[in-house]
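# Summary of the model geometry
What follows is the residue order along each chain.
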Amino acid sequence: MQEIIKAIEESAIKIKYLIETGDTGKSESENSTGDTQLKLDIESDEIIENIFKKIPSIKAIVSEEQEAIVNLHENGKYLIAYDPLDGSSLVDVNLSVGSIFGIYENEFNAQNIIASVYVVFGPRVEMVVTTTDVKMYRLLNGEFKFIQNIKLNEKGKLNAPGSTQNCWAPFHKQLIDDIFNDGYRLRYSGGMVPDLHQILLKGGGLFSYPGTSDKPKGKLRQLFEVFPFALAYEKAGGAAVDGFKRVLEVQTSHIHDTTPCFFGSKTEINRVLEVYKKNV
């Protein structure tokens, strides 16, 4: 596992340089879910894959930017699903973006996730590693240094409501309105990594990306985005649900499956469960 974390650190330093110097334009290709890929997406993906190819303990990898699983080392122990540059469309306006890694054993599904890592590329580069607990590191003078353990409070103050609002169910809109009316503050950049990172570091709140009339199964990908953050939130003392059950109980039938998701401290997540179970 330390070998994998070191490999992620190496990729983060290279991606940081790529973000600072690379072309933010669109490529001529699409990823598996039909999104036009930015050149930064493709180059970040190549950086990570080339580094992971050198790690004998990695059996196979799958990227949000690729169609299929890539087998690396037959005798490897770990499977890694990753989003090489989540929120890449925000780079050209200089907002924070990130890389997300889910580390699995045996199969790519929620039951088999054993660790996760995400990296935030913002004014500073920070890496959060989840195993039995949640630890944050910061890139200082070319090396990642431990900064702090992360724990969520029972109740937070931030509200980050995602997805297309005019496609929300009326009860979901009411839930979000009620949370704001209770004094929660809007914090939403359109980048999953910085928004979830902010809630973790500020002690709690709610990030929501529900199923909607245009995307009933949500937009965020299970293996690359949702499960890695679900593990981090649970280990930090919070919770992650799909509206009815733990996200880490959601079944995966295809590597690019999506799911509705809500991440937060326990008070906010219990509020979500109460509303959803009453209305659906």
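Only a predicted model underlies this, so the values are computations on that prediction, with no experimental measurement involved.

## A few points about the overall build of the protein
In terms of regular secondary structure, the protein is built from six helices and 15 strands. Counting only C-alpha atoms, the protein reaches 50 × 40 × 35 Å along its principal axes. A burial count over the protein gives 56% of its 280 residues as buried. Partitioning the contacts of the protein with sequence separation of at least 6, the portion at a separation of at least 24 is 60%. Carbon and sulfur atoms form 46% of the exposed surface of the protein, whose accessible area is close to 12,500 Å².

## Brief notes about the UniProt feature "binding site: Mg(2+) 2" (unreviewed entry) in the protein
Residues given the UniProt feature "binding site: Mg(2+) 2" (unreviewed entry) here are Asp83, Asp86 and Glu225. In three dimensions, the annotated residues from a span of 143 residues occupy one location, with a maximal C-alpha spread of 8.6 Å. One can find Asp83 in strand β5 (residues 78–86). Once you skip the residues sitting within four places of it in the chain, Asp83 turns out to touch Glu64, Glu65, Gly98, Ser99, Ile100, Phe224 and Glu225. Relative to the assigned elements, Asp86 resides in strand β5. Since its relative accessible area comes to 7%, Asp86 is described here as buried. Not counting the four nearest positions on each side in its chain, Asp86 is found in contact with Val97, Gly98, Ile100, Met192, Val193 and Glu225.

## Focus on the environment of Gln66
Locating Gln66 in the fold gives a position in the loop between β3 (58–63) and β4 (70–71). The sequence separation of Gln66 and Gly204 amounts to 138 residues, and the corresponding C-alpha distance is 33 Å. For Gln66, the side chain forms a polar contact with the side chain of Glu49, separated by 2.8 Å.

Procedures and definitions
Within each chain, residue numbers correspond to sequence positions counted from 1 in written order. Only residues with pLDDT of at least 70 get local features here, since the model is predicted, and only at 80 or more are side-chain atom pairs given and counted; chain-wide, interface and lining totals rely on the full set of residues. Hydrogen atoms and water are omitted, and side-chain values are computed over all heavy atoms in the structure. Helix and strand definitions follow DSSP, with helices as H or I runs of at least four residues and strands as E runs of at least two, each counted in order from the N terminus. Buried residues are those whose accessible area, probed at 1.4 Å on protein chains only, stays under 20% of the maximum for their type, while exposed residues exceed 50% and partly exposed ones sit between those limits. Here, residues are in contact when the closest pair of their heavy atoms is within 4.5 Å. Every accessible area reported is derived by Shrake-Rupley at a probe size of 1.4 Å, with residue values counting cover from the shown protein chains alone. UniProt positions are given in the numbering used here, feature names are shortened, and annotations may be inferred rather than shown by experiment. Distance and chemistry together define a polar contact, namely a pair of N or O atoms within 3.5 Å, with one atom able to donate a hydrogen and the other to accept it when in protein, and with adjacent residues in sequence counting only for side-chain atoms on both sides.

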